[in-house]
Amino acid sequence: MRRRKLPLTLFSLLMAFFVLYCSTNRVNATTRDDEATKAVAPRGLSLTDKADAKNYFTYVKKLGRTDPRDNSARIIEQPNKNNPNTDAVLLTDDVNQLGTIWSDENKNNYIDTSVKQTLSMWLYFGYAKNPADGIAVVLQNGGADAVDIDKDGIAHGGETLGVWGTDNEPANGEPQVIASRAIPRSWALEFDTFMNNSGVASSLSAFDTYLNADENNNNQHVAWNYPADPGTYTPDYGTGGGNGSLFYMYHNDAEEFLRLTGNSKPEYSWHHLTLEYTPPADSSTKASLKYTFNDKLIDGTPGTVPENRKFSHNVSLDLTKFADKDGIIPNKLRYGFTGSTGAEASVNMAIFETMPSLVNADISSNVFDLSQAEREVLSGDQNVRDGDDMKIGYNLIYETGKRTLKNAVARLNLPKHLQYADSGVIGQVNYSDGTVDQITADQVNDGVLTYNYTKEFDLDMRAASIYIYGKAKVDNNADTKVPAAHGIIEGDLYKGDVSTPDFTIIPRVKKLNIAKLPSTTSVEVGKSLELNGTMTLSDDKQKLDLNNEDVYQIYRIDGGDIKYGRDTTSPNGKFSITLNTGNGMDKIRPGKHTIEVYALTTDLISSEEILKYDVDVHEKNPVLTTDNTDITVLKSDNKVNLPAKVSYEDAHKFDTADLTWHMRVDDGEESTEKIQESQSSVDQITWTQIFEASELGITDTTHVPYLVHAYVTDKYGGKSNELAYEVTLLSNSVSLDYEPDYSFEPVNTSGEDIVVKRNGKWKLGVNSTDSTWKLSASASKLFSFDQNDNKISELNGGLIYVNKSGISLPMSSEVLIAEDDEKETLDFDVAKEWRDYTGVLLQVQPHPSGGKYKGEIDWYLSNTI
């Protein structure tokens, strides 16, 4: 920086005359130029909340505490009638104006200092060749009426642009005094269209003295600083007609000799500004603020024109500069503009593309070469080959915000030199909630895809990606450049531009072909699949040498993610892909699958063929059986014994360690445990799973039989059928073990009484559990029957019971057969205690009629506990 002191008494008069002359002779021309520039105003956001007819920005009517000035700032709707949903901030449009306008915190419009976000806007500085004074983009914590004021409370504008400190006190030489006249707790990025370098004290025109000037004393420039920081200003001594102190301003990252006004075309008069804010890391108070100027053209495509220089700077933004009197750093900052004009009118406007506290979104695009293992194609790429399958992606992410992003629409120029399908589905939209929407060819008109998003975006619905598929095509078999393709994604409270990367498609000089060889495509779970094939490389004239180390096999299972393989053990020109089966990571699960395979060389030549292998991984399930599902459990024993047997459908051998027992009682939760038997390489296993009844919740003897559901699984995902055991819990009980039919030995008729022995061994027993019991019986008369089961005659005789003492008791009435007076648990064989002529016998009286006789025995078993 250099200082210049000028004797400016006469010069000032000449300049005043010059300005007045220019102002008088340019009004109509400037108005026409301004209107022409408005007519091409870029697309942006509506700044009005249609729900309650309030703006998202606030501005006071008067500026300053003493002799307040009119605030020239306001919102104008539809500066360009072709963009009916775009509003603009108008700061100045006449001479001697001062305007300020701020984001409205009450409408949730602010900078959240804890959130990464982007402010994007278009700026217009007027069409005059040397207008005064310019505008500033400001972040501040000073209030909705914040403006520069002097010691008397008067707002001046001029060189302050409404934000810097007012220097109109020749007797003051203290920078902190000037700083106190600025907008407090603020940061400003100025776009200064007029050189303030008079060097005259109290002239309000010395801040730019350190900067250079051309032969016409012009230097439109951009720089930043903290307006309320004394370090922003340095004192000096004015000469000429106004002796006394004056202050110069330090211009950080000054970009000088810019063309901010008077551009050669209306389209060039709109300058784009992007501010990217990144919050401090950890406990730091230094945020990052990157601003980029002239970074895109009015149609939204990246770049600039020669007369508009593009530049970018990174600011280490000190958040303590925004702290209140108690040292507390706010989490909300107002953002907005200040601007002023002098003797020459200047129209200053801004159009917003984002208001990040309302909707903070991010959009991006990418291109993938599907034929080259979905390699991402970056700008300047020259490896896409003719015929490669391509995927174009457009991504929308809702980061943060107080409002929902509604009515989102994408208008996308699809990249040229890609062949898209003429009909049917050409792409899809993947929403973050899993919803998939299809893109069809009829949604493309003249190369422009228009898609209306079917979802609204917020913190629950965060993102959507549009994917369009095409095939790369060269022109005239020569390298073909694909230029970047511009698109717009916009909705309520958000607009963003997106461009695909530029790249070059090259002819396919060499050809890689692959073919199948006999393969192992049907295996049992746990065994390996082997996909075999051949590879040949050739050009138009001959077959070329191919080294397996230079070729990857790319495969995809059931349309899933791509996987890589490289076979360096097979002979050159052949490949084998070995795939493990099972249920673990990187294994192919049981079932039928389609595996697509193609080859890709290290210099990115993909095979023209995609081979499809249909494979079948057999899932042989275990089979669970049992010989008893009726289980009795003694409460005193507390053991549940579940007999089981496992084999496999195909009788293959297995290890019991590979099996898991699954069980639930009634409708309870399922539990698992290992098989309680250890055997290896067996084709079946029979064992008993033993559990504590109380641990299973089997504790109620009055419960109807508990249903214990059980099945087994193996480590390969096989699952058996389910068994249901009926488990009864007993505290004490008795039961009779008997046969349905008994018989006696044949006997010849006789004139004497005869006692007939039992025929064979009778089965009669009592099973008791912690119980005493008594068994008695009675018998009916015996009759013979004809072939139609009609009674013929009654036997002259009947059943008797002979006890151990030899006493015979007729069974025509109930007689005691056996009893146990001790509380025991045992199986007692009653018939085993009988001899040939004791127990139940048949007594026949003299001269019975011949025939076969039948009758019934009624057994009476009682639990005497």
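Note that the structure is a prediction, hence the values are computed from the model and not measured.

Peer 1: Would you explain the sheet that holds strand E49 (residues 659-665) in this entry?
Peer 2: The strands making up a sheet are joined through hydrogen bonds of the backbone, oriented either antiparallel or parallel. Across the sheet, which stays open at both edges, the five strands sit in the order E47-E53-E52-E49-E50 with mixed pairing between neighbours. Two strands lie at the open edges of the sheet, namely strand E47 (630-634) and strand E50 (671-674), each paired on one side alone. Taking the axes of each pair of neighbouring strands and ignoring which way they run, one obtains an average angle of 30° across the sheet. Two strands pair when backbone bridges link them, and E47 and strand E53 (residues 723-730) are joined in this way by five bridges, in the parallel orientation. Pairing of Leu-634 across the sheet is with Leu-730, part of E53.

Peer 1: Can you help me understand the pairing of strand E44 (residues 591-601) in this one?
Peer 2: In this sheet, E44 lies alongside strand E41 (residues 551-557) in antiparallel orientation, the contact comprising seven bridges. Bridge pairing links Ile-554 to Tyr-598 in E44. Across seven bridges, the pairing between E44 and strand E45 (residues 611-618) is antiparallel. Across the sheet, Thr-594 pairs through a bridge with Asp-614, a residue of E45.

Peer 1: Just to check I follow, could you spell out the confidence of the model for the chain for this structure?
Peer 2: Residues shown with low pLDDT carry predicted positions that ought not to be read at fine detail. Averaged over every residue, the pLDDT of the chain is 91; the share at 70 or more is 95%. Predicted confidence for residues 1-30 stays below pLDDT 50, and this span has 35 contacts to residues more than four positions away or in other chains.

Peer 1: It is not clear to me how the packing of aromatic side chains should be interpreted in this structure. Could you clarify?
Peer 2: Think of a pair of aromatic rings as described by two things: how far the centres are apart, and how the planes are tilted against each other in angle. Scanning the entire structure with this criterion turns up 25 aromatic pairs. Between Tyr-335 and Phe-352 the ring centres are 5.8 Å apart and the planes differ by 65°, which places this aromatic pair in the edge-to-face class. Taken together, the residues span a long stretch of sequence, with Tyr-335 in strand E20 (residues 332-341) and Phe-352 in strand E21 (residues 348-352) at a distance of 17 residues. Residues Tyr-335 and Phe-352 agree in their burial class; the two are buried. An aromatic cluster is present here, built from Tyr-742, Phe-744, Trp-762, Tyr-801, Trp-834 and Trp-859 joined pairwise through their rings. Of note, Lys-391 hangs over the ring of Phe-368, and the distance from its end group to the ring centre comes to 5.3 Å. Over the ring of Phe-783 we find Lys-791; its NZ or CZ atom is 4.1 Å from the centre of that ring.

Conventions adopted
Residues numbered from 1 in each chain as written. Predicted model: local features only at pLDDT ≥ 70, side-chain atom pairs only at ≥ 80, totals over all residues. Heavy atoms only, no water. Pairing = 2+ DSSP bridges. Helix = DSSP H or I, 4+ residues; strand = E, 2+ residues; numbered from the N terminus. Axes fitted to C-alpha atoms, helices over the stretch in contact; angles between N-to-C directions. pLDDT = per-residue confidence, 0-100. Contact = heavy atoms within 4.5 Å. Phe/Tyr/Trp six-rings, centres within 6.5 Å; stacked < 30°, edge-to-face > 60°. Buried < 20%, exposed > 50% of the residue type's maximum accessible area, 1.4 Å probe, protein only. Lys NZ or Arg CZ within 6 Å of the ring centre and 35° of its normal.

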